[in-house]
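For reference, the chains in residue letters:
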Amino acid sequence: MNILNLFKVSIRAVANNKMRSFLSMLGIIIGVAAVIIMMSIGQGSKESIRAELSTMGTNLINIRPGADMRGGVRQDPSSMQTLKMADYERIMREKKYVTNVSPEVTASGQAIYGNSNTNTTVYGESPEYLDIKQWSIEQGDCFTQEDIKKAAKVCVVGTTIVKELYGEGADVIGKTIRFKSIPMRIIGVLKSKGYNNWGMDQDNVIIAPYSTVMKRIAAQTWFSSIVCSAITEELSDAAIEELTQILRDNHKLKGDAADDFTIRSQAEMMETMSSTMDTVTIILVVAAAFSLLVAGIGIMNIMLVSVTERTKEIGLRMAVGATGPVISLQFLIESVLISVTGGLLGILVGCSASEFIVPMFNMPSSVPAWSIYVSFFVCVCIGVLFGYIPAQKAANMDPIEAIRHE
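Conventions and cut-offs
Residues numbered from 1 in each chain as written. Predicted model: local features only at pLDDT ≥ 70, side-chain atom pairs only at ≥ 80, totals over all residues. Heavy atoms only, no water. Helix = DSSP H or I, 4+ residues; strand = E, 2+ residues; numbered from the N terminus. Rg over C-alpha atoms; globule rule 2.2 N^0.38 Å. Buried < 20%, exposed > 50% of the residue type's maximum accessible area, 1.4 Å probe, protein only. Contact = heavy atoms within 4.5 Å. Areas by Shrake-Rupley, 256 points an atom, 1.4 Å probe, with all protein chains shown as cover. Lys, Arg positive; Asp, Glu negative; His and termini not counted. Charge placed at Lys NZ, Arg CZ, Asp CG, Glu CD. Axes fitted to C-alpha atoms, helices over the stretch in contact; angles between N-to-C directions. Parallel < 35°, antiparallel > 145°, perpendicular 65-115°, else oblique. Left-handed = near helix turned anticlockwise from the far one by under 90°. Pairing = 2+ DSSP bridges. pLDDT = per-residue confidence, 0-100. Salt bridge = Lys/Arg side-chain N within 4 Å of Asp/Glu carboxyl O. Phe/Tyr/Trp six-rings, centres within 6.5 Å; stacked < 30°, edge-to-face > 60°. Nonpolar A, V, L, I, M, F, W, Y, C, P; charged D, E, K, R; others polar.

S.K.: When you look at the overall build of the protein chain in this model, what are you seeing that I'm missing?
M.R.: Of the regular secondary structure elements, the protein chain holds 13 helices and 12 strands. In summary, the protein chain has a C-alpha radius of gyration of 33 Å against a globular reference of 22 Å for 406 residues, an excess of more than 25%. Seen through its C-alpha atoms, the protein chain measures out along the principal axes to roughly 105 × 55 × 40 Å. Expressed as a percentage of the 406 residues in the protein chain, the buried residues total 46%. Taking contacts inside the protein chain between residues at least 6 apart in sequence as the whole, the part at least 24 apart equals 77%. As presented, the protein chain carries roughly 20,400 Å² of accessible surface, and 58% of it is formed by carbon and sulfur atoms. Averaging the positions of the 36 positive and the 39 negative side-chain charges in the protein chain gives two centres separated by 3 Å.

S.K.: Help me understand the packing of helix H10 (residues 311–319) against helix H11 (residues 324–357) in this model?
M.R.: Relative placement of two packed helices is described by the angle separating their axes and the distance separating the axes. H11 packs onto H10 with a crossing angle of 140° between their chain directions and a minimal axis gap of 10 Å. It follows that H10 is oblique to H11 by the angle criterion. Judged by the twist between their axes, the crossing of H10 over H11 is right-handed. Contacts between H10 and H11 involve Glu313, Ile314, Arg317 and Met318 from the first element and Ile327, Gln330 and Phe331 from the second.

S.K.: Help me understand the pairing of strand S9 (residues 182–190) in this model?
M.R.: Regular strands place their side chains on alternate faces of the sheet. Burial runs high along S9: 7 of the 9 residues are buried. When strand S6 (residues 137–140) meets S9, the two strands line up antiparallel, connected through 3 bridges. Note that in S9 the partner of isoleucine 137 across the bridge is leucine 190. Inspection of the sheet shows strand S7 (residues 154–157) paired to S9 by 4 bridges, in the parallel sense. Residue pairing in the sheet places cysteine 155 in a bridge with isoleucine 186 of S9. The pairing of strand S8 (residues 176–179) with S9 spans 4 bridges and is classified as antiparallel. Across the sheet, residue isoleucine 177 finds its bridge partner in S9, namely methionine 184.

S.K.: I'm lost on the confidence of the model for the protein chain in this one. Help?
M.R.: Detailed reading of predicted coordinates is not advised where the pLDDT is low. Looking at the protein chain as a whole, its pLDDT mean stands at 85, while 94% of the residues score no less than 70. In the predicted structure, residues 68–72 sits below a pLDDT of 50 and forms 7 contacts with residues beyond four places in sequence or in another chain.

S.K.: Is there a simple way to explain the pattern of salt bridges in this structure?
M.R.: As enumerated under the stated definition, the model contains 8 salt bridges in all. With a shortest N-O distance of 2.9 Å, arginine 20 and glutamate 309 are connected by a salt bridge. One end of the pair, arginine 20, is in helix H2 (residues 18–55); the other, glutamate 309, is in helix H9 (residues 266–309), with 289 residues separating them in the sequence. Of the residues examined, arginine 20 reaches a relative accessible area of 23% and is grouped as partly exposed. The salt bridge partner of glutamate 313 is arginine 317, with a shortest N-O separation of 3.3 Å.

S.K.: What am I meant to see in the packing of aromatic side chains here?
M.R.: According to the stated counting rule, one finds 4 aromatic pairs in the structure shown. Here the aromatic rings of tyrosine 88 and phenylalanine 223 are separated by 6.4 Å at their centres, their planes lie at 85°, and the arrangement is edge-to-face. One end of the pair, tyrosine 88, is in helix H3 (residues 85–94); the other, phenylalanine 223, is in the loop between helix H7 (210–218) and strand S11 (225–230), with 135 residues separating them in the sequence. There is no split in this pair, since tyrosine 88 and phenylalanine 223 are both buried. Centroid distance tyrosine 113 to tyrosine 166: 4.2 Å. Interplanar angle 40°. Geometry classified as tilted. Of the two residues, tyrosine 113 is situated in strand S4 (residues 98–113) and tyrosine 166 in the loop between helix H6 (159–165) and S8; the sequence distance between them amounts to 53 residues.

S.K.: Would you take a moment to explain the packing of H9 against helix H12 (residues 369–395) for this structure?
M.R.: Interaxial distance between H9 and H12 falls to 9 Å at its minimum, and their mutual angle equals 30°. By the criterion of interaxial angle, the relationship of H9 to H12 is roughly parallel. Once H9 is placed against H12, the crossing between them reads as right-handed. Contact residues: Leu292, Leu293, Gly296, Ile297, Ile299, Met300, Met303, Leu304, Val307 and Thr308 in H9; Val378, Ile382, Phe386, Ile389, Pro390, Lys393 and Ala394 in H12. A breakdown of the residues in the contact of H9 with H12 according to their chemical character gives 14 nonpolar, 2 polar and 1 charged.

Spelled out as structure tokens, the structure:
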């Protein structure tokens, strides 16, 4: 019997038991669809995070106080005071691979206007901060270096602050807002950025001169961080080396002494986030792949039942000249047909769900093409692996005993 005839016989055998075949395929359909959906969510989340971080500038560099050891206890970076005005001034004097630099001081609390209030965070920055973070002013202007020298009580606000305190679309330029009893005059409104992937409202923010926040609000002499931008993304590593050397010299750290600061580039953050998302995706895919294993066992059981039911048919075929390998190949083809058909349907369901259903839950989705190819290959392997035992059982039957089977 040639291969074409074997295919015809196998298709007819599968078609004669439609419900049984469909139930066998169902596990494969669910498993493949689950794998594709999980991979599409993981890939979509990774691309979304990378895109969001890229909007902040791929050449962004962040300097934060490093955790040191005091009495055998690792200190919280937020409690450290290792970044001072002298560091900022020296960076400004000696920088070669860095363009914009902004010291940062933060304070959280209530912003108040009249009878309205809202919880927010005030960021003390330099005017270069908006260029570093690629943020633009929609109304009004940003504060200046003169405002920083005077520790002027001025600020720019996000659209959420405007909506919560004054009403959506209100003209707030020139109006006064209070933060921790300190009045500040609004001179600009930031262009809306909306929520990020971590659910944080990026428009719920007030940006003021860093000197104002340090002296009038936080009452501190150190910076929470220093944000910079390298000349280009390619020069980020050179900029980090330069900044490291400047800060070590300024902090008088010699030889093998550990840094009391941490420098991270946006590229490093992107790689870290991508690596984290890859790990999460792998875990989800492995969990979903177990359903494929269960589906393979289901196919094997169904094929074993089919061999038992068709024992007499197998005996007749052997009696008229069909060899063991031919019988084995027939059942292998049936198993692969069930597995591959289920896989194709699973791919269709998975891609459709990723395209239309997943976005309804505000989840990013992007189906990688290789996931489809891998899913199809796995289905073929499942058909062969789990169809082998039933096929061998059929091939090893004694023709006379098979014909006599009732």
